[in-house]
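Structure at a glance
One-letter residues, chain by chain:
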Amino acid sequence: MGRLARIVELYYDVLSPYSWLSFEVLCRYQHVWNVDLQLRPSYIAGIMKDSGNRPPAQLPRKALYMVNDLRRLRQHFQVPVQVPEDFFSVVFEKGSLSAMRFLTAVCLECPEMLEKVSRELWMRIWSLNEDITEPQSILTAAEKAGMSAEQAQEILGKISTPKVKNQLKETTEAACNYGAFGLPITVAHVDSQTHMLFGSDRMELLAYLLGEKWMGPVPPAPKARL
Amino acid sequence: MGRLARIVELYYDVLSPYSWLSFEVLCRYQHVWNVDLQLRPSYIAGIMKDSGNRPPAQLPRKALYMVNDLRRLRQHFQVPVQVPEDFFSVVFEKGSLSAMRFLTAVCLECPEMLEKVSRELWMRIWSLAAEKAGMSAEQAQEILGKISTPKVKNQLKETTEAACNYGAFGLPITVAHVDSQTHMLFGSDRMELLAYLLGEKWMGPVPPAPKARL
């Protein structure tokens, strides 16, 4: 069919609402553009620590801005993101370590499920105001994504193994090596160049770099092929 | 012709390269969309102080990212922004107080020159090229003489405070007044969202110029 699909990596953490926006846009465009989308579950707390950065929501005016920004982007991006009531507790106390280890294990064991399970975890924390730290919370998300209870239980059993812990560390380090100071980052491999783009607001620039057409955050679905 | 033009305020500082990107996009679209663009010279150092924020470039990885980001956006936005060699000296030591007081005075005395003079200052700081704004030497000198007057100093303070009251923690901020709502959008990367809120068409950062009217 012509050119090789260009690899586009998305490094994300379900603790990050802007990662969800990037995720949904790229999931839509992977069927429209000539790209190979590679999802990379990462750990945002690790990136913050390594870069010396601090979560934006720790500055009062940025926290207030984010609430308004996400409310508007919810409409524009058509992603049902809703800031939870207990935002600070959810983000700064509970965190996302188990969830991201679970997604790392899914990526290793059954990568075809990674997109759906990631989405269900985001839905819990950033739409339904539900927990993602307890084992049952993670199992429920996995089953909702279409995993059998047995398979979900089996993968949950692996999240504290060295293999999974190390994989999450390595993926997070890879993001840091690309220069990440937060998430999401999108890494586009175009011709012989590598472009690291931070945030959910560089998608039109990504299209420009790929030589593809930008049709907004909600492109028309590609026509069904018979 | 129908609806009233919607007021879109741009709070900016020439010390901020992303402010230049917002500025050029809005200057292009002011002739395309039904908006009334109001330029608001502000003082970014004042906003940082008031909000408790710190300039992003103080974090090493963010500084490195900005160099790459601006290089790509230069192409995409068609704005000749170039990170100066002495970037840290320019931004953190020299600052922009006189420049923003000068623009405040221009805004008060001859607002029709504000767009061109702002662009000229960005060109000097953030580009290797510079062009003359078309102000006569006398006019420039006269305005320069006013930058330390209480009137000008206070106006810059008030404009900066207005940005803070809208919730600014940095610049640029774009404030769109649509129907009875006010939307404060931070950064140069909310322009497509601005179009969405205004019910206008987004044609990328370099829209076709409107057809000439006879």
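Residues numbered from 1 in each chain as written. Chains lettered and ligands numbered in written order. Predicted model: local features only at pLDDT ≥ 70, side-chain atom pairs only at ≥ 80, totals over all residues. Heavy atoms only, no water.

As annotated in an unreviewed UniProt entry, chain B carries the name Glutathione S-transferase kappa and comes from Trichechus manatus latirostris. The record held by UniProt for chain B lists under Catalytic activity (unreviewed entry) the comment "RX + glutathione = an S-substituted glutathione + a halide anion + H(+)". (UniProt positions renumbered as here; feature names shortened; annotations may be inferred.)

As recorded by an unreviewed UniProt entry, chain A carries the name Glutathione S-transferase kappa and is attributed to Trichechus manatus latirostris. In its Sequence similarities (unreviewed entry) section, the UniProt entry covering chain A states "Belongs to the GST superfamily. Kappa family."

**Points about the packing of aromatic side chains**
Scanning the entire structure with this criterion turns up 23 aromatic pairs over all chains. Judged by centre distance (6.3 Å) and plane angle (85 degrees), the rings of Phe 198 of chain A and Tyr 65 of chain B are edge-to-face. One end of the pair, Phe 198 of chain A, is in strand E4 (residues 193-198); the other, Tyr 65 of chain B, is in helix H3 (residues 60-77), on a second chain. Take Tyr 65 of chain B: its relative accessible area is 7%, and that puts it in the buried class. Three or more aromatic residues joined by ring pairs make a cluster, and in this case those are Tyr 12, Trp 20, Phe 23 and Trp 122 of chain A. (Phe/Tyr/Trp six-rings, centres within 6.5 Å; stacked < 30°, edge-to-face > 60°. Helix = DSSP H or I, 4+ residues; strand = E, 2+ residues; numbered from the N terminus. Buried < 20%, exposed > 50% of the residue type's maximum accessible area, 1.4 Å probe, protein only.)

**Section: the pattern of salt bridges**
Across all of its chains, the model carries 23 salt bridges over all chains by this definition. Put simply, Asp 131 of chain A and Lys 94 of chain A hold a salt bridge, and the shortest N to O gap is 3.0 Å. Note that Asp 131 of chain A is positioned in the loop between helix H6 (114-126) and helix H7 (135-144) and Lys 94 of chain A in helix H4 (residues 87-94), a separation of 37 residues in sequence. What makes Asp 131 of chain A buried here is its relative accessible area of 17%. The class of Lys 94 of chain A is partly exposed, set by a relative accessible area of 40%. Of the charged contacts in the structure, one is a salt bridge between Arg 6 of chain B and Glu 200 of chain B, with a shortest N-O distance of 2.9 Å. In this pair, Arg 6 of chain B sits in strand E1 (residues 6-12) while Glu 200 of chain B sits in the segment after helix H9 (191-198), placing the two residues 194 residues apart along the sequence. Classification of Arg 6 of chain B by relative accessible area gives buried; the value is 9%. (Salt bridge = Lys/Arg side-chain N within 4 Å of Asp/Glu carboxyl O.)

**Focus: the interface of chain B and chain A**
At the interface, 32 residues of chain B touch 33 residues of chain A. Summed over both sides, the interface between chain B and chain A buries roughly 2,900 Å², with carbon and sulfur atoms accounting for 52% of that surface. By the criterion of area lost to chain A, the three top residues of chain B are Arg 61, Tyr 65 and Arg 72 of chain B, representing 25% of everything that side buries. Inspection of the region where chain B meets chain A yields 6 salt bridges. For the interface between chain B and chain A, the tally reads 14 residue pairs in polar contact (both at pLDDT 80 or more). Elements supplying a minimum of two residues to the side of chain B that touches chain A: helix H2 (44-51), H3, strand E4 (181-186) and H9 of chain B. For the side of chain B that touches chain A, the leading source of residues is H3 of chain B, giving 8 residues. Split by residue class, the side of chain B that touches chain A holds 15 nonpolar, 8 polar and 9 charged. (Contact = heavy atoms within 4.5 Å. Buried area = accessible area lost by both parts, 1.4 Å probe. Polar contact = N/O pair within 3.5 Å; in protein donor to acceptor, adjacent residues only side chain to side chain. Nonpolar A, V, L, I, M, F, W, Y, C, P; charged D, E, K, R; others polar.)

**Quick word on the sheet that holds E4 of chain A**
Residues and elements named next belong to chain A. Here we have 4 strands laid out as an open sheet, ordered E2-E1-E3-E4, and mixed in their pairing. Each edge of the sheet is formed by a strand with only one pairing partner; in this case those strands are strand E2 (35-41) and E4. With direction set aside, neighbouring strand axes in the sheet form an average angle of 20 degrees. Note that strand E1 (residues 6-12) and E2 share 7 bridges and pair parallel. (Pairing = 2+ DSSP bridges. Axes fitted to C-alpha atoms, helices over the stretch in contact; angles between N-to-C directions.)

**With respect to the pairing of E2 of chain A**
In E2 of chain A, alternate side chains face the same way, and those of Val 35, Leu 37, Leu 39 and Pro 41 of chain A are buried while those of Asp 36, Gln 38 and Arg 40 of chain A on the opposite face are not. Chirality of the crossover, the property in question, places the unit of E1 of chain A, helix H1 (residues 17-29) of chain A and E2 of chain A among those that are right-handed. (Right-handed = clockwise from strand over helix to strand, strands pointing away.)

**What to know about the packing of helix H5 (residues 97-109) of chain A against helix H8 (residues 149-156) of chain A**
Residue and element names in this part refer to chain A. Running from N to C, H5 and H8 cross one another at 115 degrees; their axes reach a closest spacing of 9 Å. Put simply, H5 runs roughly perpendicular to H8. Along this stretch, H5 crosses H8, giving a crossing that reads as right-handed. Contacts between H5 and H8 pair Phe 102, Ala 105, Val 106 and Glu 109 from the former with Ala 152, Ile 155 and Leu 156 from the latter. By residue class, the composition of the contact of H5 with H8 is 6 nonpolar, no polar and 1 charged. (Parallel < 35°, antiparallel > 145°, perpendicular 65-115°, else oblique. Left-handed = near helix turned anticlockwise from the far one by under 90°.)

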